[in-house]
Amino acid sequence: MTDNASDTPKANSQGQAMWGGRFSAKPAELMQAINVSIGFDKRLWAQDLAGSRAHARMLMNQGVITSSDGEEILGGLAKIEDEIATGTFPFRDEYEDIHMNVEARLRELIGATAGRLHTARSRNDQVAVDFRLWVRDAADRSAAQLETIQRALLAQAETHADTLMPGFTHLQPAQPVTFGHHLMAYVEMFGRDASRFRDARARMNECPLGAAALAGSPFPIDRHQTAAALGFDRPTANSLDSVSSRDFALEALSAAAITATHLSRLAEEIVLWTTPMFGFIKLTDAFTTGSSIMPQKKNPDAAELIRAKVGRIMGSLTTLTIVMKGLPLAYSKDMQEDKVPTFEAFDALELSLLAMAGMIADLTPNTENMAKAAGAGFSTATDLADWLVRSLNMPFRDAHHVTGSAVKAAETLGLDLSDLTLEQFQAIEPRITDDVYAVLTPAASAASRMSYGGTAPAQVRAQIARWKEALA
Ligand code: ARG
């Protein structure tokens with residue numbers, strides 16, 4: 001990755017290797033190896049150029065540099081942008097990071113004037129602003145992708161507002177719910193996830209540029225100008241904090257980790273639902289893979305990988321938290337280690353979000369299997385107990401007991417609750433009447449749960465309408 005750049009502002013370890021083989025060369029190479037970050041921070045190139053442009057314009061406006069120098073610098077930066085976009089920019093290890101790579105190239109393109117760009121600026125505030133801009137974009141993308149998933153869920157929920165399925169607790173059949181209701185639970189989770197990214201964005205949206213190395217600048221810079229130019233709400237208010245803080249990234253990573261946790265739960269349900277034992281949904285070939293030995297297999301790999309990605313994302317949050325822990329103010333090189341985990345986490349999250357949106361749109365429920373399962377496992381037992389309370393004015397605890405006896409009787413006879421005859425019911429509780437059968441179907445059970453946020457299709461539709469409006 002090294003190039004023969006003469007006139008470099010930094011020592012070239014290639015040169016040292018020529019004469020220092022016995023001791024100097026090795027440490028020098030190791031020094032470069034541990035120090036170099038261009039391999040990963042080149043991803044900040046667009047942010048770095050944006051920051052440099054805003055800074056150069058501000059320096060011109062403030063008369064810190066002349067307009068002709070400023071224009072030259074801006075012209076050079078435009079050329080660099082072009083080179084990077086077309087893949088001809090020479091990224092070089094000996095210039096360590098994206099900031100110095102850009103500056104070294106600027107010097108090659110426009111000469112000594114390039115050196116004026118770094119007036120009233122340090123790599124410390126430069127990297128702080130670049131990274132903040134990157135994380136801000138990542139947070140925006142994540143929030144937008146979450147909304148894409150929500151829309152996909154809403155479309156399925158709307159189609160399946162009445163589709164019955166078992167609701168589970170302990171993964172045991174509990175009470176019937178609708179598939180739409182189940183999917184809407186994730187719409188709520190992803191809604192909170194998106195709002196966490198928006199909250200994090202609002203807090204991070206202060207511009208550290210102009211903090212310079214750590215103490216601010218003696219030049220008459222206008223930090224409000226650069227902040228506005230880069231879309232920040234205001235400049236950061238303490239120069240030490242500006243160059244030392246990465247909690248904006250920690251917060252975004254926390255939001256990412258929580259989002260990934262939610263994604264993994266839905267992914268796990270998709271894995272379960274696609275098994276022949278559940279048989280609740282089908283994915284098309286688009287989101288499944290085959291087995292090299294078992295011809296019958298159709299594996300939900302995308303769901304499994306989403307379920308696993310949370311490890312990487314959590315790991316990134318842990319990594320950066322530990323990097324930041326105990327660091328004295330202000331900048332320390334430790335902070336260079338902020339980028340890889342953050343990039344990795346958001347790459348994993350982005351893929352997961354996109355794949356999940358794809359799978360949600362792709363899946364088709366097997367409504368027959370779901371409806372059958374909705375009635376299994378005495379799932380309407382609570383409805384029987386509630387009927388005893390309402391119709392016979394029984395205290396709920398007694399009703400619970402009577403229902404338990406009915407379940408036991410049905411289980412012994414190998415029947416569902418609704419298959420018990422009236423005589424069999426009356427043998428348990430003589431006051432039970434014919435009316436009881438109306439509450440024992442899964443459809444009646446679900447429809448009866450009209451409390452706000454309940455699974456009754458009318459309630460589910462109301463929540464779908466509310467979300468559609470919110471996302472419009
Ligand atoms: N590559 C560095 C980083 O990512 C840039 C800042 C370096 N600052 C310094 N004083 N060495 O943190």
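In the block above lies the structure referred to throughout.
An account of the accompanying structure is given in this report. (Residues numbered from 1 in each chain as written. Predicted model: local features only at pLDDT ≥ 70, side-chain atom pairs only at ≥ 80, totals over all residues. Heavy atoms only, no water.)

Notes on the overall build of the protein chain
Turning to step 1, where the next piece is worked out: Helix and strand counts for the protein chain stand at 19 helices and six strands.
Turning to step 2, where the next piece is worked out: For the protein chain, whose C-alpha radius of gyration is 31 Å, the value lies well above the compact-globule estimate of 23 Å for 472 residues.
Turning to step 3, where the next piece is worked out: Its C-alpha atoms give the protein chain principal-axis dimensions of about 100 × 55 × 40 Å.
Turning to step 4, where the next piece is worked out: The buried share among the 472 residues of the protein chain stands at 49%.
Turning to step 5, where the next piece is worked out: In the protein chain, 73% of the contacts between residues at least 6 apart in sequence involve partners at least 24 apart.
Turning to step 6, where the next piece is worked out: For the protein chain, the exposed area adds up to about 22,000 Å²; of that, 55% sits on carbon and sulfur atoms.
Turning to step 7, where the next piece is worked out: The distance from the centre of the 45 positive side-chain charges to the centre of the 57 negative ones in the protein chain is 3 Å. (Helix = DSSP H or I, 4+ residues; strand = E, 2+ residues; numbered from the N terminus. Rg over C-alpha atoms; globule rule 2.2 N^0.38 Å. Buried < 20%, exposed > 50% of the residue type's maximum accessible area, 1.4 Å probe, protein only. Contact = heavy atoms within 4.5 Å. Areas by Shrake-Rupley, 256 points an atom, 1.4 Å probe, with all protein chains shown as cover. Lys, Arg positive; Asp, Glu negative; His and termini not counted. Charge placed at Lys NZ, Arg CZ, Asp CG, Glu CD.)

Structural notes on the packing of aromatic side chains
Turning to step 1, where the next piece is worked out: Counting across every chain of the model gives ten aromatic pairs.
Turning to step 2, where the next piece is worked out: Both rings, one in Phe-179 and one in Trp-273, keep their centres 5.7 Å apart while their planes meet at 70°; by these two values the pair is edge-to-face. Residue Phe-179 is found in helix H8 (residues 179-204), and its partner Trp-273 is found in helix H11 (residues 247-273); the two are separated by 94 residues along the sequence. With respect to class, Phe-179 is no different from Trp-273; both count as buried.
Turning to step 3, where the next piece is worked out: Three or more aromatic residues joined by ring pairs make a cluster, and in this case those are Trp-134, Phe-197, Phe-343 and Phe-346. (Phe/Tyr/Trp six-rings, centres within 6.5 Å; stacked < 30°, edge-to-face > 60°.)

Focus on the pattern of salt bridges
Turning to step 1, where the next piece is worked out: Counting across every chain of the model gives 27 salt bridges.
Turning to step 2, where the next piece is worked out: For Lys-339, the salt bridge is made with Asp-338, and the minimal N-O distance between the two is 2.8 Å. Here Lys-339 matches Asp-338 in class, with each residue buried.
Turning to step 3, where the next piece is worked out: With a closest N to O distance of 3.1 Å, Arg-431 and Glu-429 form a salt bridge. (Salt bridge = Lys/Arg side-chain N within 4 Å of Asp/Glu carboxyl O.)

Things to note about the side chain of Thr-403
Turning to step 1, where the next piece is worked out: Among the secondary structure elements, Thr-403 is positioned in helix H16 (residues 396-413).
Turning to step 2, where the next piece is worked out: The exposure class of Thr-403 is buried, given its relative accessible area of 5%.
Turning to step 3, where the next piece is worked out: Side-chain polar atoms of Thr-403 contact the backbone nitrogen of Ala-385, separated by 3.4 Å.
Turning to step 4, where the next piece is worked out: Looking at Thr-403, its side chain comes within polar contact range of the main-chain oxygen of Ala-399, at 2.7 Å.
Turning to step 5, where the next piece is worked out: With sequence-adjacent residues up to four places away left out, Thr-403 is seen in contact with Ala-381, Leu-384, Ala-385 and Leu-388. (Polar contact = N/O pair within 3.5 Å; in protein donor to acceptor, adjacent residues only side chain to side chain.)

Overview of the environment of Gln-32
Turning to step 1, where the next piece is worked out: Here Gln-32 is to be found in helix H2 (residues 25-35).
Turning to step 2, where the next piece is worked out: Residues Gln-32 and Asp-93 lie 61 residues apart in sequence; the distance between their C-alpha atoms is 8.0 Å.

Notes on a nonpolar patch on the surface
Turning to step 1, where the next piece is worked out: Judged by side-chain polarity, Leu-214, Leu-240 and Leu-329 come together as a nonpolar surface patch covering roughly 270 Å² of accessible area.
Turning to step 2, where the next piece is worked out: Looking at the secondary structure, you find Leu-329 in the loop between helix H12 (301-324) and helix H13 (339-362). (Patch = residues over 30% accessible without salt bridge, like charges linked within 9 Å, V, L, I, M, F, W, Y side chains within 5 Å.)

Notes on H12
Turning to step 1, where the next piece is worked out: Over its 24 residues, H12 runs 35 Å from end to end, which matches the ideal 34 Å to within 8%, given 1.5 Å per residue.
Turning to step 2, where the next piece is worked out: The set of residues buried in H12 consists of Ala-302, Ala-303, Ile-306, Val-310, Ile-313, Ser-316, Leu-317, Leu-320, Val-323 and Met-324.
Turning to step 3, where the next piece is worked out: Residues of H12 that are buried in the fold lie against helix H10 (239-244), H11 and H13.
Turning to step 4, where the next piece is worked out: After H12 finishes, the residue Gly-326 shows a positive phi value of roughly 75°. (Expected span 1.5 Å × (residues − 1).)

Comments concerning the site of the ligand
Turning to step 1, where the next piece is worked out: Residues in contact with the ligand, as listed here, are Ser-37, Asp-41, Asp-97, His-99, Arg-123, Asn-124, Val-127, Tyr-331, Gln-336 and Lys-339.
Turning to step 2, where the next piece is worked out: Lys-339 is positioned such that a nitrogen or oxygen atom in its side chain is 2.6 Å from an oxygen atom of the ligand.
Turning to step 3, where the next piece is worked out: About the coverage of the ligand: the protein hides 86% of its 350 Å² of free accessible area.
Turning to step 4, where the next piece is worked out: Here the shell around the ligand is composed, by residue class, of two nonpolar, four polar and four charged. (Near = heavy atom within 4 Å. Nonpolar A, V, L, I, M, F, W, Y, C, P; charged D, E, K, R; others polar.)

Some thoughts on the nonpolar core
In a soluble, globular protein the nonpolar side chains are often hidden away together inside.
Turning to step 1, where the next piece is worked out: In terms of nonpolar packing, the biggest core is built from 94 residues, with Leu-153, Phe-197, Ile-270, Phe-346, Leu-349 and Met-356 touching the most fellow members.
Turning to step 2, where the next piece is worked out: When residues of this core are assigned to their parent elements, the largest contribution, 15 residues, is made by H11.
Turning to step 3, where the next piece is worked out: If sequence neighbours within four positions are ignored, Phe-346 has contacts with Trp-134, Ala-138, Ser-142, Phe-197, Ala-252, Leu-253 and Ala-256.
Turning to step 4, where the next piece is worked out: By size, the runner-up hydrophobic cluster in this structure holds 21 residues, among which are Ala-381, Val-407, Ala-410 and Val-439. (Core = buried A, V, L, I, M, F, W, Y, C linked by side-chain atoms within 4.5 Å.)

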